[in-house]
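Chain and residue survey
This is what each chain is made of:
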Amino acid sequence: MQFTDIAFDIEKVRQDFPILHQKVHGKPLVYFDNAATSQKPKTVIEALTTYYEATNANIHRGAHYLAAKATEEYEQTREAIRDFLNAQSTQEIIFVRGVTEAINLIASTYGRANVQAGDEIILSTMEHHSNIVPWQLLAAEKGAHIRVIPLNEHGELQMEEYQKLLSPRTKIVSIVHASNALGTINPIKEMAAMAHAVGAIFVADGAQASVHLPLDVQDLDCDFYAFSGHKVYAPTGIGALYGKKALLEAMPPYHGGGEMIKDVSFEHTTYNELPFKFEAGTPNIADAIAFRNALEYVSSFGKANIAHYEHQLLQYATEQMLQIEGLRIVGTAAQKVSVISFVVDGCHPNDIGTLLDTDGIAIRTGHHCTQPLMDSLGISGTARISFAMYNTKDEVDIAVRSLQKTLKMLR
Ligand code: C6P
């Protein structure tokens with residue numbers, strides 16, 4: 001297969017990622033675990049160093065030069081995220097640690113205020129644990145019920161079953177935009193409209209989609225959209241939650257503390273305006289600032305161009321892997337991000353991962369924090385290859401050769 005219309009120079013891109021140029025167990029590193037976390041370009045790494053060397057100060061409170069500079073840079077990232085998501089206002093962008101914290105925030109605030117006994121929360125079989133457990137905690141507290149959309153044999157949502165689950169009892173629908181374990185891209189725009197038709201709100205888990213798909217929260221009409229910086233080439237420990245302003249305004253705060261208040265007395269506290277109402281305490285300033293560099297880095301290539309390239313990697317790798325006897329790809333949806341989960345007859349995924357590692361190839365194995373999905377498929381886990389913009393066709397060839405060798409050893 002010939003790759004066509006690649007809009008950027010992959011070798012140049014690779015030069016931007018220092019970590020890629022090392023040997024692991026004596027072999028050049030092939031990093032195929034990007035769905036777990038992506039590697040960081042120099043611009044992000046340098047932003048962190050520059051921040052601590054030249055800017056470090058607490059934000060939104062000091063009267064001095066450094067405090068003002070740090071505050072300005074922190075708020076510039078909020079604007080970059082607004083732009084990345086095409087949100088209407090920076091008041092709709094809350095800094096969080098990542099998707100896990102974002103969903104816990106929604107469940108603890110919007111959920112507690114709006115879900116009552118007998119209400120229903122709709123999830124899908126392919127959800128990550130972080131989009132299951134916060135809702136289970138809420139449902140247990142409130143006497144609400146979780147309903148689950150089943151999948152078809154390709155790992156796509158059964159939309160007619162979703163339609164049947166929706167009712168006036170539905171208060172929240174929370175669905176992954178792109179599955180980390182299957183790669184499936186879900187039709188969240190259509191799903192949000194269907195949720196709205198019964199008066200429910202729609203939450204999208206954008207952990208995987210955010211790095212691969214162009215996003216427009218206004219067009220998607222999600223009520224909440226969560227993503228983690230570390231999967232979009234930004235540092236760990238920083239992410240963003242988009243929420244519609246009217247919802248955020250009506251919601252009670254999440255954590256209490258400094259920054260999220262206007263006035264405090266022992267009798268009464270008034271809360272700060274959006275988005276600060278949801279950002280108690282000193283935040284992760286350095287990583288938030290470097291987050292902007294990551295988003296700018298992605299935007300400089302154009303997300304559609306990156307997606308086009310990654311799709312070719314996905315197609316090429318899928319073709320190559322399907323030639324391996326006994327290998328089955330788990331997740332064959334028509335619309336996929338660049339994730340390939342697979343199982344091989346007679347081989348445990350962990351053994352495959354361990355042996356590929358001896359050839360310098362990093363993949364993830366196991367249940368990928370989607371145990372209900374694995375249970376529904378009747379497997380304990382998969383081996384998973386996931387691509388980023390810096391991966392190459394040659395790396396796919398290296399991995400396929402290593403896989404062939406590995407499977408000979410295991411069978
Ligand atoms: N998936 C993976 O290897 P955090 O950890 O908060 O940044 O993201 C959680 C999360 C939520 N939803 C989806 C769809 C995800 O993929 C993840 C993280 C990683 O697949 C680590 S388990």
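About the cut-offs
- Residues numbered from 1 in each chain as written.
- Predicted model: local features only at pLDDT ≥ 70, side-chain atom pairs only at ≥ 80, totals over all residues.
- Heavy atoms only, no water.
- Salt bridge = Lys/Arg side-chain N within 4 Å of Asp/Glu carboxyl O.
- Helix = DSSP H or I, 4+ residues; strand = E, 2+ residues; numbered from the N terminus.
- Buried < 20%, exposed > 50% of the residue type's maximum accessible area, 1.4 Å probe, protein only.
- Domains from an automatic or database assignment.
- Contact = heavy atoms within 4.5 Å.
- Buried area = accessible area lost by both parts, 1.4 Å probe.
- Pairing = 2+ DSSP bridges.
- Axes fitted to C-alpha atoms, helices over the stretch in contact; angles between N-to-C directions.

Description of the pattern of salt bridges
All told, the structure shown has 19 salt bridges when counted by the stated rule. With its nearest N and O atoms 2.8 Å apart, the salt bridge here joins Glu279 to Arg78. With a gap of 201 residues between them, Glu279 in the loop between β12 (269-271) and α11 (285-301) and Arg78 in helix α3 (residues 65-85) connect regions that are remote in the sequence. Grouping residues by exposure puts Glu279 and Arg78 together as buried. Here Lys405 makes a salt bridge to Asp359, at a shortest N to O gap of 2.8 Å. Placement of Lys405 in helix α15 (residues 393-410) and of Asp359 in the loop between α13 (349-358) and β15 (361-362) is noted, with a sequence separation of 46 residues between them. Here Asp359 falls in the buried class, since its relative accessible area comes to 10%.

Focus: the domain arrangement of the protein chain
Where interface size is given, it is often the accessible area lost as the parts come together that is meant. Assigned domains of the protein chain: these are domain 1 (10-31 + 302-410) and domain 2 (46-299). A separation of 28 Å is found between the C-alpha centroids of domain 1 and domain 2. Listed per partner, the contact involves 34 residues of domain 1 and 28 residues of domain 2. Between domain 1 and domain 2, the buried area comes to about 2500 Å², and carbon and sulfur atoms account for 60% of it.

Quick look at the sheet that holds strand β10 (residues 239-243)
Taken together, seven strands build an open sheet; the order of strands is β4-β10-β9-β8-β7-β5-β6 and the sheet is mixed. Looking at the sheet topology across the chains shown, the edges are occupied by β4 (93-96) and β6 (145-149). Here the strands of the sheet are splayed against their neighbours by 20° on average, with no regard to which way each runs. Inspection of the sheet shows β4 paired to β10 by four bridges, in the antiparallel sense. Looking across to β10, one finds that Val96 is bridged to Gly239. Across the face of the sheet, α3 comes into contact with β4, β9 (224-228) and β10 while running at roughly 115° to β4.

So, the sheet that holds strand β13 (residues 327-330)
Pairing in this open sheet of four strands is antiparallel, and the strands run β13-β14-β17-β16 from one edge to the other. Where the open sheet ends on each side, the last strands, each with one partner, are β13 and β16 (364-366). Pairwise comparison of adjacent strand axes, ignoring direction, gives a mean angle of 30° for this sheet. Across the sheet, helix α12 (residues 303-322) lies against β13, β14 (339-344) and β17 (382-386), angled at about 10° from β14, the strand it touches most.

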